[in-house]
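Topology and contacts: notes
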Amino acid sequence: MTTTDTKPTTGARRGADLLDRLQREPPELWHRGERIADPTTHPATRRGVRSLARLYDLQWEQPDVMLFDSPTTGSKVGRSFLIPRTLEELVSVSRAMKTWADASFGLMGRSPDYINRSMTGWAAGASHLDQVDPRFGANLRRYHEYIRENDLCLTHTLSSPQSNRSVHAARQADPFLAAKVKEETDAGIVLRGCRMLATLPISDEIMVFPSTFLRNDPEDQPYAYGICIPSATPGLRFLCRETLDYGRPTHDHPLGSRFDEMDAVVIFDDVLVPWERVFLYRDVPHCNEGYHKTGALANMAHQVVVKNLAKTEYLMGLASLIVNAIAIESFQHVQEKLAEIWINMETMRAFLKVAEVEASLDEFGVMRPAWDPLDAARNLYPRLYPRMIEIIQHLGASGLVAMPTEADVNGPLQDEVKRFFQAARADAHERIPLFRLAWDTALSSFGPRQVLYERYFFGDPVRMAGNLVSSHDRTRYMDRVRDFLAAARAEALAGV
Ligand SMILES: Cc1cc2nc3c(=O)[nH]c(=O)nc-3n(C[C@H](O)[C@H](O)[C@H](O)COP(=O)(O)OP(=O)(O)OC[C@H]3O[C@@H](n4cnc5c(N)ncnc54)[C@H](O)[C@@H]3O)c2cc1C
């Protein structure tokens, strides 16, 4: 056991517990060349951390929705750790995920339920790992219980650095570019190298699993592993991108000042992973199949579609308020654009509903959401989201840049601001925050990062589409067309 595993459990946390742990055990975060000593107070991360903490407070404000009784201790634990055995339980998880998603309009895609659902899927299907080594399955079950009982928050990293994509990890110029098992010891495995990206590095633990399809070649085996360790493990470094929180008042930068989850490249400088934190090791087929087999992938996609719905509902509200404020609702192309967002919203709601209504018990006795609607949704949304942001730009037009700051609103020109920034159905004090929100959604550095996130966070859309095609049997649809063609030919021969 690691020392952390032996600490007493707390059950579901509050925001203050999250802050306290991040202060006591800060991950090694680097930002603009300096180390962040305390992520709860550093300007680059503190307001994102605060929003994260807010989610934990929310669980105790709505305990019936957000919590359930731990099967081992009976104390209240987070519902995103629940292994659902019935449809009702599955829907209860969905409701809890929606409550968290709505708290950030879905803009914190990596709210802790994302990886909680993943690890819960892996734990529910842990017997898949028992086939490789019963210790791995046992490790995973124990770890799931540990993060559930301590309500820990995980970041994760799956892909290797973007240096030479024409060859696999083992064929890069430097074999330790992609994080690789450097050695095995009695205590565990030692990782050296790098992983491309981890959103939400302001977390307690990190999940390091395989993502892209690994080749089953001996040289690829040292890259095949699935582990979780504390984010504050010695030798583990997070090189953060520049913060999207400009340090401006929330009035000026309503989203970036609240919901920057942060993204970081993860560096492993000979990081020791204790054996009890190893869940997958050197077994390429089990690495490649694991996400799908265990149900982890379906669980993650379930959270994603809930997030998509929350995000689209937000854009529906935002677009409607813009249209209303400047009285453009009578123009046909405006109605068409609002209808487009509405249809996207109902499409996501329908995918979610079908995934739940058609859920079924899997081989592990777990109520698993139906995969096909989730797969379709995760392939579709990367195309819908950029288009909806384009719609916000079309509707807001110059209003997205003609935007005074809070200092202007209260400054020497305040009378002019009041006069010239009024709208048909909003005075300047209502209109300016609305358009600043639209700017942060569609134009500021926060907005396009969201677009990039939606394009890529679940994987390369090109390869996801390829997987969708290769993993679905289309025979019955081809047969239907073949039957028609055969009948038509028969009719032609018969002179019908
Ligand atoms: C904002 C953001 C947050 C993210 N957060 C996380 C996170 O928390 N954890 C995590 O693990 N990952 C995260 N990711 C990474 C995400 O998983 C990857 O972006 C995704 O898998 C695509 O990989 P890549 O970015 O390395 O692109 P690349 O693989 O480098 O692709 C670059 C381009 O080359 C093309 N290409 C490359 N290889 C092939 C190929 N074999 N066949 C066809 N086309 C190819 C791609 O289509 C693309 O156009 C995040 C990404 C973003 C943008």
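What counts and how
Residues numbered from 1 in each chain as written. Predicted model: local features only at pLDDT ≥ 70, side-chain atom pairs only at ≥ 80, totals over all residues. Heavy atoms only, no water. Near = heavy atom within 4 Å. Polar contact = N/O pair within 3.5 Å; in protein donor to acceptor, adjacent residues only side chain to side chain. Areas by Shrake-Rupley, 256 points an atom, 1.4 Å probe, with all protein chains shown as cover. Helix = DSSP H or I, 4+ residues; strand = E, 2+ residues; numbered from the N terminus. Nonpolar A, V, L, I, M, F, W, Y, C, P; charged D, E, K, R; others polar. Buried < 20%, exposed > 50% of the residue type's maximum accessible area, 1.4 Å probe, protein only. Contact = heavy atoms within 4.5 Å. Pairing = 2+ DSSP bridges. Axes fitted to C-alpha atoms, helices over the stretch in contact; angles between N-to-C directions. 1 Å grid on protein atoms, 1.4 Å probe; cavity = no way out; pocket = protein on both sides within 12 Å on 5 of 7 lines; lining within 4 Å. Points joined across faces, edges and corners; volume = space filled by probe spheres on them. Expected span 1.5 Å × (residues − 1). Parallel < 35°, antiparallel > 145°, perpendicular 65-115°, else oblique.

Near the ligand you find 20 residues, and of these Arg 110, Leu 158, Arg 165, Thr 199 and Asp 460 are the closest. Between an oxygen atom of the ligand and a side-chain N or O atom of Arg 110, the distance comes to 2.3 Å. A distance of 2.8 Å is found between an oxygen atom of the ligand and a side-chain nitrogen or oxygen belonging to Arg 463. A total of 960 Å² of accessible area belongs to the ligand in isolation, and the protein chains cover 74% of it. Of all the elements in the fold, those that place two or more residues in the shell around the ligand are strand 5 (154–157), strand 7 (188–199), helix 16 (446–456) and helix 17 (461–471). At four residues, the largest contribution of residues to the shell around the ligand is made by helix 16. Residue composition of the shell around the ligand, grouped by class: eight nonpolar, six polar and six charged.

Attention shifts here to the side chain of Arg 378. Within the secondary structure layout, Arg 378 lies in helix 12 (residues 371–396). What makes Arg 378 buried here is its relative accessible area of 11%. Reaching out from Arg 378, the side chain makes a polar contact with the side chain of Asp 375 at a distance of 2.9 Å. With near-sequence residues (within four places) excluded, Arg 378 lies in contact with Trp 371, Phe 458 and Met 464.

We now examine the sheet that holds strand 2 (residues 34–36). Here six strands make up an open sheet; going across it, the order is 2-1-10-11-7-6 and the pairing mixed. Two strands in the sheet have a free side with no partner beyond their single neighbour: strand 2 and strand 6 (180–184). Taken pair by pair, the neighbouring strands of this sheet meet at an average axis angle of 20 degrees, ignoring direction. Across three bridges, the pairing between strand 1 (residues 28–31) and strand 10 (residues 236–240) is parallel. Each bridged residue has a counterpart across the sheet, and for Trp 30 the counterpart in strand 10 is Leu 239.

All told, the structure shown has five cavities of 30 Å³ or more when counted by the stated rule. Lining the largest cavity are 14 residues, with Arg 378, Pro 382, Glu 454, Phe 457 and Phe 458 positioned closest to its centre. Taken together, the elements giving at least two residues each to the lining of the largest cavity come down to helix 10 (296–325), helix 12 and helix 16. Looking at the lining of the largest cavity, the element that brings in the most residues is helix 12, giving four residues. Of the residues contributing to the lining of the largest cavity, the split by class is eight nonpolar, two polar and four charged.

This part takes up the pairing of strand 1. Examined bridge by bridge, strand 1 and strand 2 share three bridges and lie antiparallel to one another. What sits directly across from Trp 30, in strand 2, is Arg 35. Here strand 1 hands over to strand 2 after two residues, with Arg 32 in that stretch at a positive phi of 50 degrees.

What follows concerns the sheet that holds strand 9 (residues 225–230). Spatial ordering of the open sheet is given by 5-8-9-12, a layout of four strands whose pairing is mixed. The open sheet has two edge strands, strand 5 and strand 12 (278–281), and neither has a second partner. Across the sheet, the axes of successive neighbouring strands diverge by a mean angle of 20 degrees, strand direction being ignored. With four bridges joining them, strand 5 and strand 8 (residues 205–208) adopt parallel strand pairing.

Our focus in this paragraph is helix 15 (residues 428–442). With 15 residues, helix 15 should cover 21 Å at 1.5 Å per step; its first-to-last C-alpha distance of 21 Å lies within 8% of that length. The element helix 15 is extensively covered by neighbouring structure, given that twelve of its 15 residues are classed as buried. Listing the buried residues of helix 15 in full gives Ala 428, Arg 431, Ile 432, Leu 434, Phe 435, Arg 436, Leu 437, Ala 438, Trp 439, Asp 440, Thr 441 and Ala 442. Along its buried surface, helix 15 packs onto helix 8 (256–259), helix 10, helix 12, helix 13 (406–409), helix 14 (414–420) and helix 16. Regarding helix 15, its N-cap is Asp 427, as a side-chain oxygen of that residue lies 3.1 Å from the backbone nitrogen of His 429 further along.

In this fold, Gly 256 is placed in helix 8. Remark: the alpha-carbon pair of Gly 256 and Ser 444, spanning 188 residues in sequence, is separated by 8.5 Å. Those residues in contact with Gly 256, other than ones at most four positions away along the chain, are Leu 244, Asp 245, Asp 440 and Phe 446.

Moving on, we get to the packing of helix 9 (residues 284–294) against helix 10. The relative placement of two packed helices comes down to the angle between their axes together with the axis-to-axis distance. At a minimum axis distance of 4 Å, the contact between helix 9 and helix 10 shows a crossing angle of 60 degrees. Considered as vectors, helix 9 and helix 10 are oriented oblique to each other. Across from Tyr 291, His 292 and Thr 294 in helix 9, the residues of helix 10 making contact are Ala 296, Leu 297 and Met 300. Of the residues in the contact of helix 9 with helix 10, the class split is four nonpolar, two polar and no charged.

For the rest of this paragraph, the subject is unusual backbone geometry. With a phi angle near 50 degrees, Arg 32 is a residue other than glycine that sits in the positive phi range. Residue position: Arg 32 is located in the loop between strand 1 and strand 2. The phi angle at Ala 327 is positive, at roughly 55 degrees, despite the residue not being glycine.

Inspection of the secondary structure assignment puts His 31 in strand 1. On the basis of relative accessible area, His 31 is assigned to the buried category, the value being 3%. A C-alpha to C-alpha distance of 8.7 Å links His 31 and Phe 238, two positions 207 residues apart in sequence. For His 31, the contacting residues outside a window of four places in its chain are Ile 36, His 42, Ala 44, Cys 240, Arg 241, Glu 242, Thr 243 and Met 262.

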